[in-house]
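# Fold and geometry: a report
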Amino acid sequence: MKSARPETFRDEELLADVICRLIGDARHVAVGAASPIPATAALLARERSGGKPFVSLLGSRAHTFFTDGARELFDCAGQGRIDVFFLSGGQIDGEGNINLVNVGDYERPKVRFPGSFGSAYLYYVVPRVILFRVGHSRRTLVPKVDFISAPGGSPDNVFRPGGPVALVTDRCLFDFDRARRRFRLVSVHPGHNLEEIIENTGFEFDRPSDVPVTPAPSADTLRLMRTVVAPMLAEVYPQFAQSVFGVALPLPTA
Amino acid sequence: MKSARPETFRDEELLADVICRLIGDARHVAVGAASPIPATAALLARERSGGKPFVSLLGSRAHTFFTDGARELFDCAGQGRIDVFFLSGGQIDGEGNINLVNVGDYERPKVRFPGSFGSAYLYYVVPRVILFRVGHSRRTLVPKVDFISAPGGSPDNVFRPGGPVALVTDRCLFDFDRARRRFRLVSVHPGHNLEEIIENTGFEFDRPSDVPVTPAPSADTLRLMRTVVAPMLAEVYPQFAQSVFGVALPLPTA
Amino acid sequence: MARITRSLDEAIAPIADGCSLAVPRETSGAAMAATRALIRRGVKRLHLVALPTSTLQADLLIGAGCIETLETSAVSLGEFGPAPRFTAAILGGTIEMRDATCPALHAQFQAAEKGVPFMPLRGLIGSDLLPHRPDWKVVDNPFGNNDPIVLLPALKPDVALFHAPMADREGNVYIGTQRELVAMAHAAQQTIVTVEEIHGANLLRDPLLAAGTLPGFYVEAVAVEPRGAWPLPLPDRYAIDAAHMAEYARLAATAEGFAQYLERYVYEKRAA
Amino acid sequence: MARITRSLDEAIAPIADGCSLAVPRETSGAAMAATRALIRRGVKRLHLVALPTSTLQADLLIGAGCIETLETSAVSLGEFGPAPRFTAAILGGTIEMRDATCPALHAQFQAAEKGVPFMPLRGLIGSDLLPHRPDWKVVDNPFGNNDPIVLLPALKPDVALFHAPMADREGNVYIGTQRELVAMAHAAQQTIVTVEEIHGANLLRDPLLAAGTLPGFYVEAVAVEPRGAWPLPLPDRYAIDAAHMAEYARLAATAEGFAQYLERYVYEKRAA
């Protein structure tokens, strides 16, 4: 179904552009492990606005200001000083619960994912968490996750300044209504359509009567991504920078 | 009453020597604020044994290994890695309670001391705390302190691996029986005597039938103190190093 | 986000009357030039938190009538004797004292740093500090059995203020091994720093310097004040001015002498 | 106390069968040469604690049958895909897994560092991690009102093991900005470090180096292993060996391929 889209940009570039717009005017965006497209978006947001926001890429030396070790990311979030973070899930359900642990029973799983990383904390304390998942299907977007690494919402008496604001997939963009704990379709990416979204989404979601198409990245955005952001990515995501942007792999010795 | 003592060493030198012997074969001796004589003793202990124990002088750059800021002393003690520490008190009582806060009522004190420093923690967690107090009198060694900065003992269910082992004054040396929470006179310093100790001590204490005289520091000890230890002290205790050992005051600029 | 240094008076502007102000111990870099500027400006009703102790800095602010509440573990002039204005204020009942113990203050800042409401601490039980600190609670250790332990609430000051060897133009501040300054800045809403000098390059770009650097992200303002810790010491830079400290101890022994000291060294802006 | 470096096999001798072993994340300096030596020695029944995640190091030890219990927040090969021996072990039920979340592990090490029995942490409530961790407790925040909060027990490993750029002859180890290594060493009973090289002078005597140095007081043994993190990266020294990682991911996908990998890169002691 992708033939309707002009081949002037890659999926990854569109998704980074979508995420970049969601970042908005944050003061500090942090990006965790294994998140090359959110990292692209965060660096793009910084370049677009002349040095704002602060960006902290986990695993980077050049694109982080942290000097207090691996725990500073979490301390900083606990202080309320991280505005935007990104999470994904082996499964994500319609209430915004994410599963980074397993499919099936915890004691006898059918599939095992890497683990919860910092999700069981950051999802609660970062005001705006953007969920990100490529491989949009009924296998990944499920009615109910098999294991809740971190819940999409919490009872009123649980300390929770943070939570999900949106879910970006390779097919579309949802936003999230925290009060109702429910996703709403915002736009469908170029080359995709509503029927396909419904067919491939395991949970129910709201949608406007007329669903817009996600705007394509501008030429200027593509230029920034390819010429300025891509080389920065190679430090932490050499494989991604090479396969998406053609950046040469770094040598194993410095 | 000091005329009986040969004038070959100073009071401070005797006391540092007494404390040095109490340090014994510790692995790590830490010295807190405003403790020049314990600092002398700790450095002397290190010099006597060729580099053992580790010595940490609060406020020193040269004589400490701490690199994790002001809290490392307390964390290190909490880990059980400090064997010997020193405390004093505006008042010390016969149960080993120390008072670094005030005389009289807390709300309307008659005398105010600087404050409890780290005593309300270190007295509990450092296995061997040596109490040190010059100005041995009924005003300082009292039947009951007016304010307990840190108690000499704790109920069995209170976590307390540490506590007092001895009290060194300018007149004598006591050790401390933790089970009975009671001091016992060990020796009387040269030039002092038992009647004077009894007269000037506000609390009851045990004593052997024959009270020995505290041994004078050896010529070798005095040489080490004066030539090796004294210059080290000047960094943290310039006034003390000058007045006791004649070390020139450092210039205010480095 | 590029940052610029400010004048001393601009930098300390966020230290408003009635705010809670955190300052470090004497040997970690006390912002004494800034302290004198605060006194000249006539700041009032400060809740001063000295992590974990103070010397001249607290005594000066108390004597000058800037302090309503003092929260710390000890105030003295070290080798130069008791802190005279602190002692007078306590005996006169003119300040509210919250007596603490050093590791409790560290733990309270670390709780704020971690975004947790409290931190446990051993010790303290049986100390008379405890009945005078209703904000400290004793609970039974949920991991123990009949094992009382103290919980201390997070301490989140409005402003942290200290003096450091250098900063760069991005507001990154070199603090070296004085790492409680990092916890202090993490805990505080705003951090204001005076420095000896501006370092020409970005401190975070040099791995050796980065290891001792507080990121500018946490820093509200930087003012350049050479010898800004005087007469107190700055680690690896200068020692305490012993003659001045002795003069202070002598003058501050009386209210009249202290007024003379203020006139001579604070209001006249005279410094070494 | 003067300290001397040891051979790699001597240095890792304290890592006994059945002990709890703490290791850092991939980007902070994983002691991979030491890990291969442990596998060659045939260490068994380790309780591996990866602070807060692991990649190749955990996967290798699992595949080689050295692990009884794994306590961490995630194991993958990052850009090189899932961690195959970890995944196989979980699906096969051959290791005991204690799933955590990164800040919980940091807090548990910090509790041990501070000598407190537990540390509170926000988040976690409503996560399925909680019912699977009976050692984590939910209490009502004593400073709040109907405010549940999780308490995590102190984690005090028998041994901490990591790789760093340099150490001196006193055992002082330069760790730069990887400060969780400091908390790890403070928490552990013993700390064993491999380094790229020996620094000729005392690291603590140079104020710039001291700010990034773990004091030798906390260090049990140091072994010199140039490229000791290979094929993983060492900050400011070398990047990950991507070709090798891809080869590992390919071989370790099957038990047979993993056995070949061990034969070629671990038992043959071949390295870059």
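Being a predicted model, the structure only gives us computed values, none of them experimental.

It is worth spelling out the overall build of chain A at this point. Along its length, chain A carries 7 helices and 12 strands. In terms of overall size, chain A behaves like a compact globule, its C-alpha atoms giving a radius of gyration of 18 Å where 254 residues would be expected to give roughly 18 Å. Considered along the principal axes of its C-alpha atoms, chain A spans approximately 45 × 45 × 35 Å. The burial tally for chain A puts 61% of its 254 residues in the buried class. Counting only contacts in chain A whose residues sit at least 6 apart along the sequence, the fraction spanning at least 24 positions is 67%. Put simply, chain A shows about 9,700 Å² of open surface, and 54% of that area lies on carbon and sulfur atoms. Put simply, chain A has 29 plus and 28 minus side-chain charges, and the middle of one group is 2 Å from the middle of the other.

Our next topic: the relation of the copies chain D and chain C. Once chain D is rotated about the relating axis by 180 degrees and shifted along it by 0.0 Å, it coincides with chain C to within an RMSD of 0.0 Å. Seen this way, the second copy is the image of the first under a two-fold rotation axis. Comparing interface residues between copies, 100% of those in chain D also lie at the interface in chain C; the contact surface is shared.

Our focus in this paragraph is the interface of chain B and chain C. On the side of chain C, 48 residues touch chain B, which itself brings 45 residues to the contact. Carbon and sulfur atoms supply 58% of the area that chain B and chain C bury against each other, a total of about 3,800 Å² over both sides. Its largest share of buried area at the contact with chain C, chain B owes to B:Arg61, B:Arg71 and B:Arg112, together 18% of the area lost on that side. The residue B:Arg61 makes a salt bridge to C:Asp236 at a minimum N-O spacing of 2.3 Å. Our count for the chain B to chain C interface comes out at 19 residue pairs in polar contact (both at pLDDT 80 or more).

Time to look at the packing of aromatic side chains. Following the criterion strictly, the structure yields 36 aromatic pairs over all chains and no others. Relative to D:Phe217, the ring of B:Phe54 lies with its centre 4.9 Å away and its plane at 80 degrees, an arrangement referred to as edge-to-face. Here B:Phe54 is found in strand 2 (residues 54-57), whereas its partner D:Phe217 is found in the loop between strand 11 (213-214) and strand 12 (221-224) on a different chain. We classify B:Phe54 as buried; its relative accessible area is 14%.

Residue and element names in this part refer to chain C. Structurally, chain C comprises domain 1 (3-102 + 155-242) and domain 2 (118-153). Spacing between the C-alpha centres of domain 1 and domain 2 amounts to 29 Å. Contact with domain 1, which involves 6 residues of that partner, is made by 5 residues of domain 2. The largest share of the area that domain 1 buries against domain 2 comes from Asp99, Ala100 and Thr101, three residues that together contribute 65% of it.

In regions of low pLDDT, the predicted coordinates are not meant to be interpreted in detail. Per-residue confidence for chain A gives a mean pLDDT of 94; residues scoring 70 or more make up 95%. When the criterion is pLDDT under 50, residues 1-7 of chain A qualifies, and its contacts beyond four places in sequence or with other chains add up to 10 contacts.

Backbone hydrogen bonds hold the strands of a sheet together, and the pairing may be parallel or antiparallel. All names here are of chain B. Reading across the sheet, the 3 strands line up as 5-4-9 and stay open at both edges, with mixed pairing between neighbours. Edge strands, defined here as strands with exactly one partner in the open sheet, are strand 5 (98-99) and strand 9 (141-142). In this sheet, strand 9 lies alongside strand 4 (residues 91-93) in parallel orientation, the contact comprising 2 bridges. Across the sheet, the residue bridging to Ile92 is Leu141, located in strand 9.

On to helix 5 (residues 102-114) of chain C. Every α-helical turn comprises 3.6 residues, leaving residues that sit three or four positions apart pointing alike. Residue and element names in this part refer to chain C. Its 13 residues give helix 5 an end-to-end C-alpha distance of 19 Å, which sits within 8% of 18 Å, the value for a rise of 1.5 Å per residue. Most of helix 5 sits out of view: 13 of its 13 residues are buried. Two residues or fewer past helix 5, Gly115 is found with a positive phi of approximately 70 degrees.

So, on to the sheet that holds strand 9 (residues 141-142) of chain A. All names here are of chain A. Within the open sheet, the 3 strands sit side by side as 5-4-9. Their pairing is mixed. Strand pairing shows two members of the sheet lacking a second neighbour, strand 5 (98-99) and strand 9, which therefore form its edges. Inspection of the sheet shows strand 4 (residues 91-93) paired to strand 5 by 2 bridges, in the antiparallel sense. Bridging from a neighbouring strand, Ile92 pairs with Ile98 of strand 5.

This part covers helix 4 (residues 84-92) of chain D. Every buried residue of helix 4 of chain D is accounted for by D:Pro84, D:Arg85, D:Phe86, D:Thr87, D:Ala89 and D:Ile90. Summarising the contacts, the buried residues of helix 4 of chain D are in contact with strand 7 (109-112) of chain A together with helix 3 (56-63), strand 3 (67-72), strand 4 (96-99), helix 8 (242-251) and helix 9 (255-267) of chain D. Just past helix 4 of chain D, the residue D:Gly93 takes up positive phi, approximately 65 degrees.

Take the pairing of strand 10 (residues 164-169) of chain A next. Residues and elements named next belong to chain A. Among the 6 residues that make up strand 10, 5 are buried, leaving the element largely enclosed by the rest of the structure. As paired elements, strand 8 (residues 128-133) and strand 10 share 5 bridges and run parallel to each other. Its bridge partner lying in strand 10, Ile130 is registered against Ala166. Taken together, the 3 bridges between strand 10 and strand 11 (residues 172-177) define a ladder with antiparallel strand orientation. Bridge pairing links Val168 to Leu173 in strand 11. Adjacent in sequence and paired antiparallel, strand 10 and strand 11 are bridged by 2 residues.

This part is about unusual backbone geometry. Between A:Lys52 and A:Pro53 the backbone carries a cis peptide bond, its omega angle lying at -5 degrees. Residue position: A:Pro53 is located in the loop between helix 2 (36-48) and strand 2 (54-57). Backbone torsion omega between C:Leu51 and C:Pro52 reads -10 degrees, so that peptide bond is classified as cis. Tracing the chain through its elements places C:Pro52 in the loop between strand 2 (46-51) and helix 3 (56-63). Its identity as a non-glycine residue notwithstanding, A:Phe117 has a phi of 45 degrees, on the positive side. Relative to the helices and strands, A:Phe117 is located in the loop between strand 7 and helix 4 (119-125). Its identity as a non-glycine residue notwithstanding, D:Leu124 has a phi of 75 degrees, on the positive side. Mapping D:Leu124 onto the fold places it in the loop between strand 5 (118-121) and strand 6 (137-140).

Criteria and cut-off values
Residues numbered from 1 in each chain as written. Chains lettered and ligands numbered in written order. Predicted model: local features only at pLDDT ≥ 70, side-chain atom pairs only at ≥ 80, totals over all residues. Heavy atoms only, no water. Helix = DSSP H or I, 4+ residues; strand = E, 2+ residues; numbered from the N terminus. Rg over C-alpha atoms; globule rule 2.2 N^0.38 Å. Buried < 20%, exposed > 50% of the residue type's maximum accessible area, 1.4 Å probe, protein only. Contact = heavy atoms within 4.5 Å. Areas by Shrake-Rupley, 256 points an atom, 1.4 Å probe, with all protein chains shown as cover. Lys, Arg positive; Asp, Glu negative; His and termini not counted. Charge placed at Lys NZ, Arg CZ, Asp CG, Glu CD. Least-squares fit on C-alpha atoms with pLDDT ≥ 70 in both. Buried area = accessible area lost by both parts, 1.4 Å probe. Salt bridge = Lys/Arg side-chain N within 4 Å of Asp/Glu carboxyl O. Polar contact = N/O pair within 3.5 Å; in protein donor to acceptor, adjacent residues only side chain to side chain. Phe/Tyr/Trp six-rings, centres within 6.5 Å; stacked < 30°, edge-to-face > 60°. Domains from an automatic or database assignment. pLDDT = per-residue confidence, 0-100. Pairing = 2+ DSSP bridges. Expected span 1.5 Å × (residues − 1).

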